[in-house]
Amino acid sequence: MAGMIQQVQMTGIVKRFPGVLACNNIDFDLHAGEVHALLGENGAGKSTLMKILYGMYQLDGGSIAIDGAVRRFHSPADSLDAGIGMIHQHFMLVPTMTVAQNVALGQSSDKKFLLDLKTVTERICELSAAYGLKVNPNDLVGHLSVGEQQRVEIIKALYRGASIIILDEPTAVLTPQEVDDLFIILKKMVKEGHGLVFISHKLHEVTALCDRITVLRDGCKMGTRPAAGVERHELIKMMVGRDLKELSHRDYKPGAERLTITDVRASGDRGTETLKGINLSVHAGEILGLAGVSGNGQLELAECLIGIRKVDSGRILLDGLDIASMKLNERIAKGMAIIPEERMRDGAVNDFSVQDNVFLHDHTDKEFRTGIFLNFKKMAAHAKKLVGEYTVKTPTLETPIKNLSGGNIQKLIMARELARKPTVLIAAQPTRGVDIGASEYIHQRLLMQRDAGTAILLTSEDLDELYALSDRIAVIYEGTIMGVFLRQDTDIQTLGLLMAGIRPGDAPKPDLPIASCEG
Amino acid sequence: MMNVFSFDVLSGVLRTMIALSTPFLYAALGETFSQLSGVVNLGVDGIMLLAGFFAFYAVFLTGNVWLGLLAAMIVGLIMGLIMSLVSVTLKAQQGISGIGLQMFGLGMSSLLFKVLVGTVKTVSGFAPVKIPLLGDIPFLGPILFNNNVLVYGGFLLVPISWWILEKTTLGLKIKAVGQNPAAADSVGINVNRIRYFSVCLGAVLAGVAGASLSISIANLFQDNLTAGQGFIAVALVYFGGWSPVGVLGGALLFSLANSAQLWLQVLGINVPASLAVMLPYLLTIVVLTVAVNRGKQPAALNKQFFRGEN
Amino acid sequence: MKLTRILMAFVLFALIGATAFATGTKEAAPATGAAKPLRIAVVMPSSTTDMAFSQSMWQALQIIQKEMGGASALELKYSENMFIVPDAAAALRDYASQGFDIVIGHGSQYGSSIREVAPDFPETVFAWGTDVNNFGLKNVYAYTAAAEQGGYVNGVLAALLTKTGRIGVTGPVEVGDAKTYIDGFVNGVASVNKSMPISKTWTGSFSDVALMTAAAKTHIANGAGALTGSSQSVVGSIGAAKEAGNVLWFGTQADQASLAPNLTVASQVYDWTGMLRDIIANRKAGKLGGDAYILTIANGGLKIAFNPGFSIPADVKAKADAAITGIKNGTIKALP
């Protein structure tokens, strides 16, 4: 391809947001034919740096040079013209339109103001063949899987002639198999002479795919390393600023059955049956991990367990007692604790103070009351104890919880729930959107709770995390359990296939022909 | 009593339906463009009133119906620019600014009418034009091909709108801006410009709708001439599921119900008048309940767009 | 901030516009001169230019003002488009507390408001219509129009003049003088030809001109050769008659000949001047209310305004005059 960008040089980039220095004098460079990873925790400045390159943000200092010529991008349209494309974490697609319409959007048409979908479709098929990007141009985007939508985004960028493509956390939403497929595509693009920026916080992906790795922390560049031969703990130290504690090897000694789920069926928000007969049991002193691609029923199952979704049929036994039709506060009284998936929606009241959030449920406890009045002294003491014990970083107990970082909010919710010494804990995606440091802490706490004898049901879309923490792992796919395995009897590869609905021994799915691209 | 099911009656019902549906077609098709781009314009009724007044006033002064139509379109354009400025550039709540526009149109048209005209006066509006040959088709000819230019225009607007929305890059941009403005912005589409265009187009068409009341149907102006028809037009957009053909169906159904109830009364069929006048509204509610169109609603409807937020 | 200021300006703009419509308060003339003028305020449901009910009252008041010697002798104030009754009640109370001598609630929907306000201002004269109930209050007049009388005369004319043998009636809602007018009209037609078909439509709205137009067109398509109707939205019916070109129009409440000079045969005109003169004179004599006025042809409150632009055959005119005389001397009953 002629006119490909050979080199991008960002020098001394500074970007300020009100109260935050998002990028503090960062240098970054990229060559054609390489994948350059940007590694860092949430809020390290990775996305901000790349949005500057893509023209979405304007820089406050520094310069960008493309093939040696200094350029300034005022809008995404400018960068697109220069040959820079970006695949956002949240896809920039219109779900009610077809793939071809999405690609044609904003493009000048050969037929002036008339839509020329035929030409667009042909070109999509060419790109699809050249890079192995399988999509049907006539499919409605809203009907595509996340992986397919991502391919549409890549096609959009290629269609516009982008030679530099920025991928913002592209694997966050994919199954392991989809990640493998994506890496094959990306490697093909590199071979064709594209330069790629790969934003991620997953170390193993970065080392598997990339040529060079630049680590950011708190808006500063911590260094660039070649991927070959780099030590994992060195990268972690650059990201977090200290070494992480390794999860210790643990004995698995399950106790009595605490939570029993028998043939539970429930409908999703759209009225269709999302849980099609779930059977699971969780024992005292174990973590049962529930693996699955988002949207396969794990959210609904968690909601059934905590009592905010109606169970159509089946039983949920807590220590032998059917709680399927109990209210949430009754379940809590019976020893259940919940770390909800939507922590800001279901786990906390945003405008309430830290202390008030600690007592969202327990304010009715006799311990914190004097007659009908709340005993604020005791409450403050309790809240202070929890905040200290769980290392929640908050200026005061009166600070509204919305001003805390995601990790600290999650620690506080955890402190509140675990302080009740529950027999069963439902932890739905407890580390989603939480940075590595806080994640590590949450992991340690979950394991402590397990050792203390609590039965824990853990869901996570991060298969590595799930595999590392769980004693047993169940895989959910389209509302059914594909299987339950002891940790040592399975591996991530097998789990990944099950998450995609493929059982070991199944014949590999034939590649579906893409109708409109054939003949 | 006449035979209710005679061809004459049927023809009369359909003729009245065609005439009544014209203002709804213009206003609702215009609102469709506006809403597809993500802007609910509740000021349609006010635009219809002020544009209807100016259309009437221009014809009253000059006797030229085309000048009346032009005046209505200009007033519509100005009102559309005000609506866009307030709700797109200044990012005010669309519902509030739309109601503001409606009140402004209602009050201003009434005031100007009083000051400039004083009392009810009639003008000669658009006269029916019989289309050669087609107009001679028995039964259908007089119903469909013996109307005035504004009526033909309203019905032609249905395929034209469909064509713009489905077959042009502009239509694709309008729908993208209403569904996912961030996505449209990310591929270099000027979201605000598309919204300005769509709102103004909608307002110009609302202006024509006003003109079709004052210089095609009633041929006069009076306080609150629209009697809330602009709001019904907004409802018809939901009713029609944001598609021109759906809007056509809704406009025809509503007008048919109205026309049928008038004929029921004229023919002396013994239904209480108060029940008969309820018929169109009852029918609308029933159809709205049965045909759930929520899924088709533009996802970014009634939402302001700020760049850099997802 | 600039942005906020523009927004504020817009909202203000809209509010001013809306106020101009909704209350439409207007001082007909400033009070000047040494002598303290008589002050009359009127609250009306539609506009003073509606070519119908409200206009008839406003015109009468202006005639009285001229007779009395202009604004220095009689100060007039009105609130129009007061279709929201609680707003009208507030306006009535306002006028009374501002010291107006005579306060008129010109609409049958204002009855309860008058009943509530009048006892608080025993020195003020209140009048309201159309109704005959003064609630037994000493400072309240009720007034109404025997609309059926003009309706009867119009009916006689319509039956004699329609070329198609068919007549259409367009009304808003089946209440008040809209209903009595039409009842009288039907009776008048029947007095000429018992079997002549009359179709009636009610649109359900006093203001929906477009629907009224469609209703009139429906009558015309059904073969009506003469149309009549009441309410402010009948201007739509008149427009439809004019467009058809050969359909006769019979008006009521105000002289509607100017809207269709070639087709309007006659209009029943409400003339409130006699009643107003009486109320003013009574007040001077110290009587503040307690009566009910009924406009009739006999007492001159109702007039049949024949349109000079439309030539009525002599024999038809003679029959109409005979009907007028009959109603005057009581030999003809307008209502069956």
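Residues numbered from 1 in each chain as written. Chains lettered and ligands numbered in written order. Predicted model: local features only at pLDDT ≥ 70, side-chain atom pairs only at ≥ 80, totals over all residues. Heavy atoms only, no water.

Comments concerning the domain arrangement of chain A
All names here are of chain A.
Piece 1. Taken domain by domain, chain A consists of domain 1 (7–240) and domain 2 (257–352 + 418–499).
Piece 2. With 10 residues of domain 1 in contact, the opposing surface of domain 2 contributes 12 residues.
Piece 3. Summing the contributions of domain 1 and of domain 2, the shared interface buries around 920 Å²; its carbon and sulfur component is 56%.
Piece 4. Scanning the region where domain 1 abuts domain 2 turns up 0 salt bridges.
Piece 5. When residues in the side of domain 1 that touches domain 2 are grouped by element, the largest group, 3 residues, is from helix α6 (residues 176–191).
Piece 6. Of the residues that constitute the side of domain 1 that touches domain 2, the class distribution is 3 nonpolar, 5 polar and 2 charged. (Domains from an automatic or database assignment. Contact = heavy atoms within 4.5 Å. Buried area = accessible area lost by both parts, 1.4 Å probe. Salt bridge = Lys/Arg side-chain N within 4 Å of Asp/Glu carboxyl O. Helix = DSSP H or I, 4+ residues; strand = E, 2+ residues; numbered from the N terminus. Nonpolar A, V, L, I, M, F, W, Y, C, P; charged D, E, K, R; others polar.)

Re the sheet that holds strand β12 (residues 273–283) of chain A
Residue and element names in this part refer to chain A.
Piece 1. Taken in spatial order, the 4 strands line up as β12-β11-β14-β15 in an open sheet, and their pairing is antiparallel. Among the strands making up the open sheet, the edge pair consists of β12 and β15 (321–322).
Piece 2. The pairing of strand β11 (residues 257–267) with strand β14 (residues 313–318) spans 5 bridges and is antiparallel. Looking at β14, one finds that Thr262 is bridged to Arg315. (Pairing = 2+ DSSP bridges.)

Some thoughts on the packing of aromatic side chains
Piece 1. Using the criterion set out here, one finds 25 aromatic pairs over all chains in the structure.
Piece 2. Measuring from centroid to centroid gives 5.3 Å for C:Tyr95 and C:Phe100, while their planes differ by 80 degrees, and the two rings are edge-to-face. For the pair shown, C:Tyr95 and C:Phe100 are each scored as buried.
Piece 3. An aromatic cluster is defined as three or more aromatic residues linked by ring pairs; in this entry it consists of B:Phe53, B:Phe54, B:Phe56, B:Tyr57, B:Phe60, B:Phe113 and B:Phe221.
Piece 4. A:Arg445 extends its terminal NZ or CZ atom over the ring of A:Tyr390, reaching a point 3.9 Å from the ring centre.
Piece 5. Here the basic side chain of C:Arg39 rests over the ring of C:Phe100, its NZ or CZ set 4.2 Å away from the ring centre. (Phe/Tyr/Trp six-rings, centres within 6.5 Å; stacked < 30°, edge-to-face > 60°. Buried < 20%, exposed > 50% of the residue type's maximum accessible area, 1.4 Å probe, protein only. Lys NZ or Arg CZ within 6 Å of the ring centre and 35° of its normal.)

Considerations on helix α14 (residues 406–418) of chain A
Piece 1. Between its terminal C-alpha atoms α14(A) stretches 18 Å, which fits the 18 Å expected from 13 residues at 1.5 Å a residue.
Piece 2. Among the residues of α14(A), those classed as buried are A:Gly407, A:Asn408, A:Ile409, A:Gln410, A:Lys411, A:Leu412, A:Ile413, A:Met414, A:Ala415, A:Arg416, A:Glu417 and A:Leu418. (Expected span 1.5 Å × (residues − 1).)

Observations regarding the arrangement of the chains
Piece 1. With 2 pairs of chains in contact, the largest contact count belongs to chains B and C.
Piece 2. There is a clear gap between chain A and chain C: no contact, and 20 Å between their nearest C-alpha atoms.

Remarks on unusual backbone geometry
Most peptide bonds adopt trans geometry, and most residues besides glycine take a negative phi value.
Piece 1. Cis geometry is found at the peptide bond from C:Gly129 to C:Thr130, where omega equals 15 degrees.
Piece 2. Structurally, the position occupied by C:Thr130 is in the loop between β5 (125–129) and β6 (140–145).
Piece 3. Here A:Asn25, not a glycine, exhibits a phi torsion of approximately 55 degrees, which is positive.
Piece 4. Tracing the backbone shows A:Asn25 in strand β2 (residues 20–31).
Piece 5. The backbone phi angle of C:Gln253 is positive, close to 80 degrees, even though this residue is not glycine.
Piece 6. Structurally, C:Gln253 is set in strand β10 (residues 248–253).
Piece 7. Taking the relative accessible area as the measure of exposure, C:Gln253 reaches 5% and is therefore buried.

Some points on the nonpolar core
Piece 1. Of all hydrophobic cores here, the largest spans 151 residues; its most connected members are A:Ile165, A:Leu186, A:Met189 and A:Ile213.
Piece 2. Looking at which element gives the most residues to this core, the answer is helix α9 (residues 191–217) of chain B, with 12 residues.
Piece 3. Discounting chain neighbours no more than four positions away, the residues touching A:Met189 are A:Tyr131, A:Ile154, A:Leu158, A:Ile165, A:His194 and A:Leu196.
Piece 4. Counting 62 residues, the second-largest nonpolar core is a separate cluster that includes C:Leu38, C:Ala158, C:Trp202 and C:Ile280. (Core = buried A, V, L, I, M, F, W, Y, C linked by side-chain atoms within 4.5 Å.)

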